[in-house]
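# Observations on chain architecture
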Amino acid sequence: VCHKPHTIMDLLQPSYISPTRFNDGGIEPLRLLQMEFPDYTSPPLPSAIDATPEAFRSDAAVDAARANDADGLCFTLDDPTACQITFSPPPDTAVDSKVGVIFFGGFLVDPRSYSPMMRMLSDTYGLSVSVPIFAKDLAFKVGTCESGRLSLAQRAFPDIEKWVFAGHSLGGIAAANEVWAMAGRNETDAIGGLALLASYVRQDLGCGLVDFSTEEWDWLHAASVSASHDKIVNGANFEAGKKWLPSGNNTITVNIEGGNHRQFGCYDDSERESINYKVDGVPTVSAEDQQEQAASAIAEVASYARSPTNGVSSSGSMASRFGQYMLDYFFLGRAGLWNPLLRSTNIKKMQQSALG
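Now for a description of the structure that goes with this document. The structure displayed is predicted, hence computed values, not measured ones. Per chain, the residues get numbers from 1 upward, laid out in the order the sequence is written. It should be noted that, the model being predicted, local features are given only for residues of pLDDT at least 70 and side-chain atom pairs only at 80 or more, the latter also being counted only at that level, while totals for whole chains, interfaces and linings use all residues. As a rule here, side-chain values come from all non-hydrogen atoms in the structure, and water together with hydrogens is ignored.

### A look at the overall build of the protein chain
How we decide: Helix numbering and strand numbering both begin at the N terminus, where a helix is a DSSP run of H or I of at least 4 residues and a strand a DSSP run of E of at least 2. The classification of residues rests on relative accessible area computed with a 1.4 Å probe and restricted to protein chains. Under 20% of the type maximum is buried, over 50% is exposed, and intermediate values are partly exposed. Only the protein chains shown count as covering a residue, and every accessible area follows the Shrake-Rupley method with a 1.4 Å probe.
In terms of regular secondary structure, the protein chain is built from eight helices and nine strands. For the protein chain, buried positions account for 55% of its 356 residues. For the protein chain, the computed accessible surface area is about 15,100 Å², with 52% contributed by carbon and sulfur atoms.

Here it is, written out as structure tokens:
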């Protein structure tokens, strides 16, 4: 599954904006850099196509969705799935969950590349999933700190009440800024968590000081997932970005031993060498294993997204703690990962604690 028949693995890590400086008044105004993006996107591998819902298996269908976004039609079309790939839990495996995942893909990566991992979330963990499709496969656009795609996911899954915002690389940056923008409007009811795969909170994108570490965010649960052989993400910036995530045990930290940047998806990046100056590490773990671990971390975040209320801490009422206990059982027990004495979802049968 997702085995790439090439040896060069690289993924462009965009740097849109000049370094940010902090002063006594906060963040200084930013100087945006103009950048021409190549007319290219990394195509999905055959295994990713196979895992994609039939409606979006063809290039033509995805190109049509990209065109809809470019033309500003996504929010006016009658079909809410015209600009997103949706994954519904099979009727015979779905739990009675009111939690979904909206997943933002990486920079210049075909959204179908994430279908295998999205299938894990829907089929194994019973989560409804939306993968937005953007023009040029750019989940984050400078000057626009929110895509508004949650409304389309809600139209596609009207019964879902809480959403985990997740993303890979640039998509993780987009997910974090979506959550921050919603909170700025005091619209947090639908926020069920945050999951960043090979990504981190950045303060240089013109979206204000994005800080989930304060007490007012003590209800938010998040996951920070990295890979030991990832040579694309700046390690120092990744570690520095952790201070902006929810504090204490509210953030799950998982480092996938042997994983790399590309294997969070299933795409062919062989043609990126000419536009990129970074080369990814060589993985020593399968893409399937890496994605199982990543999906497991996202599912654990989802297990905290209790409905109809969110954010009751582990020190809350006995009823709240019992409700969390039962959610753990339903979400994690399905994958054989639930342990009543150690609540951790590392896919390697809890050989290490993901809560840290």
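### Considerations on the sheet that holds strand β6 (residues 162-168)
To keep things clear, this is the line we draw: By the convention used here, strands pair only if DSSP detects at least 2 bridges between them. Here an angle of 0 to 180 degrees is reported between the N-to-C directions of two axes, which are lines fitted to C-alpha atoms, with helices fitted over the stretch in contact.
If you trace the seven strands from one edge of the open sheet to the other, you get β3-β5-β4-β6-β7-β8-β9, paired in mixed fashion. Of all strands in the sheet, those bounded by a partner on one side alone are β3 (84-87) and β9 (251-256). Put simply, the sheet's adjacent strands are angled 15° from each other on average, direction ignored. Summarising the sheet, strand β8 (residues 222-227) and β9 pair through six bridges and their orientation is parallel. Across the sheet, the residue bridging to A222 is T251, located in β9.

### Examining the side chain of K162
What counts is decided by this rule: For the purpose of charge, His is not counted, nor are the chain termini; Lys and Arg are scored as positive and Asp and Glu as negative. We count a salt bridge whenever a side-chain nitrogen from Lys or Arg sits within 4 Å of a carboxyl oxygen from Asp or Glu.
Note on placement: K162 falls in strand β6. This buried residue, K162, is left without a salt bridge; D189 holds the nearest opposite charge, at 5.4 Å.

### Here's the deal with the packing of aromatic side chains
Note the threshold: Any two of the Phe, Tyr and Trp rings considered here, Trp counted by its six-membered ring, make a pair once their centres fall within 6.5 Å; the pair's planes then place it as stacked at under 30 degrees, edge-to-face at over 60, or tilted in between. Placement of a positive charge over a ring is assigned whenever Lys NZ or Arg CZ falls within 6 Å of the ring centre and within 35 degrees of the normal to the ring plane.
This model, assessed by the stated rule, comprises eight aromatic pairs. Measuring from centroid to centroid gives 6.2 Å for F104 and F134, while their planes differ by 25°, and the two rings are stacked. Linking F104 in strand β4 (residues 99-104) with F134 in the loop between β5 (128-132) and α4 (150-156), this pair joins segments that are 30 residues apart in sequence. Across the pair, exposure class does not vary: F104 and F134 are buried alike. Members of the aromatic cluster, each reached through a chain of ring pairs, are W180, F212, W217 and W219. If you follow R149 out to its NZ or CZ, it ends over the ring of F134, 4.5 Å from the centre.

### Points about helix α7 (residues 287-304)
In plain terms, the rule: To estimate the expected span of a helix, subtract one from its residue number and multiply by 1.5 Å.
Relative to the 26 Å expected for 18 residues at 1.5 Å per residue, α7 spans 27 Å between its end C-alpha atoms, a close match to the ideal helical length. Most of α7 sits inside the fold, with 16 of its 18 residues counted as buried.

### A look at the packing of helix α3 (residues 115-124) against α7
Two quantities define a packed helix pair, namely the angle between the helix axes and the distance between the axes. Test applied: Angle categories: roughly parallel below 35 degrees, roughly antiparallel above 145, roughly perpendicular from 65 to 115, and oblique for all the rest. Here a crossing is called left-handed whenever its near helix is offset anticlockwise from the far helix by less than a right angle, and right-handed whenever the offset is clockwise. What makes two residues a contact is simply this: any of their non-hydrogen atoms within 4.5 Å.
Packing of α3 against α7 brings their axes to within 9 Å, and their N-to-C directions diverge by 45°. Here α7 runs oblique to α3, going by the angle between their axes. Read as a crossing pair, α3 and α7 show a hand that is right-handed. Residue-level inspection shows P116, M117, M120 and L121 of α3 in contact with α7, the latter providing E288, Q291, E292, A294, A295, I298 and A299.

### Re the pattern of salt bridges
Any two side chains of opposite charge can pair, given that their charged atoms come close. Within this structure, the stated rule accounts for ten salt bridges. With its nearest N and O atoms 2.5 Å apart, the salt bridge here joins E146 to R185. With E146 in the loop between β5 and α4 and R185 in the loop between α5 (170-184) and β7 (191-197), this pair connects stretches of sequence that are 39 residues apart. The exposure class assigned to E146 is partly exposed, which follows from its relative accessible area of 25%. Of the charged contacts, one joins R202 and D204 as a salt bridge, the two residues approaching to 3.0 Å between their closest N and O atoms. Per residue, the accessibility class of R202 equals that of D204, and both read buried. Members of the salt-bridge network, linked through shared partners, are D59, D63, R66, D110, R112 and D137.

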